[in-house]
Amino acid sequence: MKKNLSIENGIWLLFLAALFVVGGCREDGAPEPETVVHILAGTTSYEDIDKLSTRSLPDGFSEYSPADGTKLYLCFQSSEFSLCRAGSFVYNESLDHWQSFLSVTSAIPYEVFGFMPSDLGTYSISPCDGDYANGAILTFSGLSPALTSDPCIVTGVLRGTSSTIPIEDSGIVEGQFGYMAELSDNYIYLLMDHLYCGLDFRFRLDATYSRLRQIRLKEVYLKTDQTASVHARITLKANNTGTSPIESIVWTPQNGSHEQCVYSNDEGQILTTSYEALLGARFSPIFSDNVHMSLVCIYDVYTADGQNLIREDCRAENLLPQVEGMERGQKRTMRVSIDPTYLYVLADPDLDNPTFTIE
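Residues numbered from 1 in each chain as written. Predicted model: local features only at pLDDT ≥ 70, side-chain atom pairs only at ≥ 80, totals over all residues. Heavy atoms only, no water.

This next bit is on the overall build of the protein chain. Counting its secondary structure elements, the protein chain contains 1 helix and 24 strands. Among the 359 residues that make up the protein chain, the fraction classed as buried is 49%. (Helix = DSSP H or I, 4+ residues; strand = E, 2+ residues; numbered from the N terminus. Buried < 20%, exposed > 50% of the residue type's maximum accessible area, 1.4 Å probe, protein only.)

Quick look at the structure:
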């Protein structure tokens, strides 16, 4: 079923403006003039599986501005001419465009595949069924089970001729990867989809406890004792139906343990009695009742007025059963409430660890 690319329907769009040189050679051997290609891209939003909705998946797009330093990797493959051009693009916020030294040859038919961020892990790209026109197989090894970045892969490509046509009006669909650069007016629209699941964390301090103690959150980790890293094999099948080309993703966890820092504040974030959004994280969809993930919080305990440090670098660890069975592109909001167990004596400088309750 063809996706509706309207803004109001809520699918996250990545709006990129990138530059790179495209050149070629005429039959007489004289070099063709250089030309400029601009990239505009989009990616699906996370599906909030705890949010009431009449739709199972979002079906629209919305505009997105990349953060400074965001890295995108693109690979231009031509089976017909046995050519490959690949490179990374880095977004420069002050210049408002993507920087790269990548060049491709004009008037050559390519299929374009890619992912973000470009330093995601060790990767390879091979043709699907022997020809990139059929799609591609992307393999990644050494992926972290949890990340602060948002891993995405290209699921649709379309050549444009003007920067004034927004991506929602371009007619781009998923499943198409073809691109051919001309000597001028080169723009690339990209659609991107998520590989990982998402968690948004909100923290608060129990109101009664806040009258007695102040909590300053310093670090937050996502931890697993069953997986050191993850391998992924992604099969993309090109199609003419406008549907997702992701035919399959095979995840292979590697035995070991991993602890990923997803939040750090040297001074410590003072928690209030209202839920505050402090961090977001992404994780590979491998967790089940046999493969667990835990939330680890490092915090300092002060007197209620914040003048006296009572305990430093306390550590609280809680299992996250809510991540079990989540699929890529899904997201949950985790509400973490810090409640007291008990105080020995109000004047005593020693306080037991408060309880972190995850809703």
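Quick look at the pattern of salt bridges now. Between side chains of opposite charge, a pair can form when the charged atoms approach closely. Under the defined criterion, the tally for this structure stands at 11 salt bridges. Here lysine 218 and aspartate 313 are joined by a salt bridge, their closest N and O atoms 2.7 Å apart. Of this pair, lysine 218 sits in strand E16 (residues 213-224) while aspartate 313 is found in strand E22 (residues 309-319), placing the two residues 95 residues apart along the sequence. Taken together, the shared-partner salt bridges connect Lys223, Glu259, Arg315 and Glu317 into one network. (Salt bridge = Lys/Arg side-chain N within 4 Å of Asp/Glu carboxyl O.)

What follows deals with the sheet that holds E16. Pairing is antiparallel in the open sheet, where 4 strands are placed in the order E19-E16-E21-E22. Because the sheet does not close on itself, it has two edges, and the strands there are strand E19 (258-270) and E22. This sheet shows a mean twist of 15° between the axes of neighbouring strands, independent of strand direction. With 8 bridges joining them, E16 and E19 adopt antiparallel strand pairing. Bridged to lysine 223 within E19 is glutamate 259. (Pairing = 2+ DSSP bridges. Axes fitted to C-alpha atoms, helices over the stretch in contact; angles between N-to-C directions.)

Quick look at unusual backbone geometry now. Cis geometry is adopted by the peptide bond preceding proline 117, which originates at methionine 116 and carries an omega value of 0°. One can find proline 117 in the loop between strand E8 (110-116) and strand E9 (122-128). Its identity as a non-glycine residue notwithstanding, alanine 107 has a phi of 60°, on the positive side. Among the secondary structure elements, alanine 107 is positioned in the loop between strand E7 (103-105) and E8. Taking relative accessible area as the criterion, alanine 107 reaches 49% and is therefore assigned partly exposed. One non-glycine residue, aspartate 129, lies in positive phi territory at about 55°. The topology assignment puts aspartate 129 in the loop between E9 and strand E10 (131-143).

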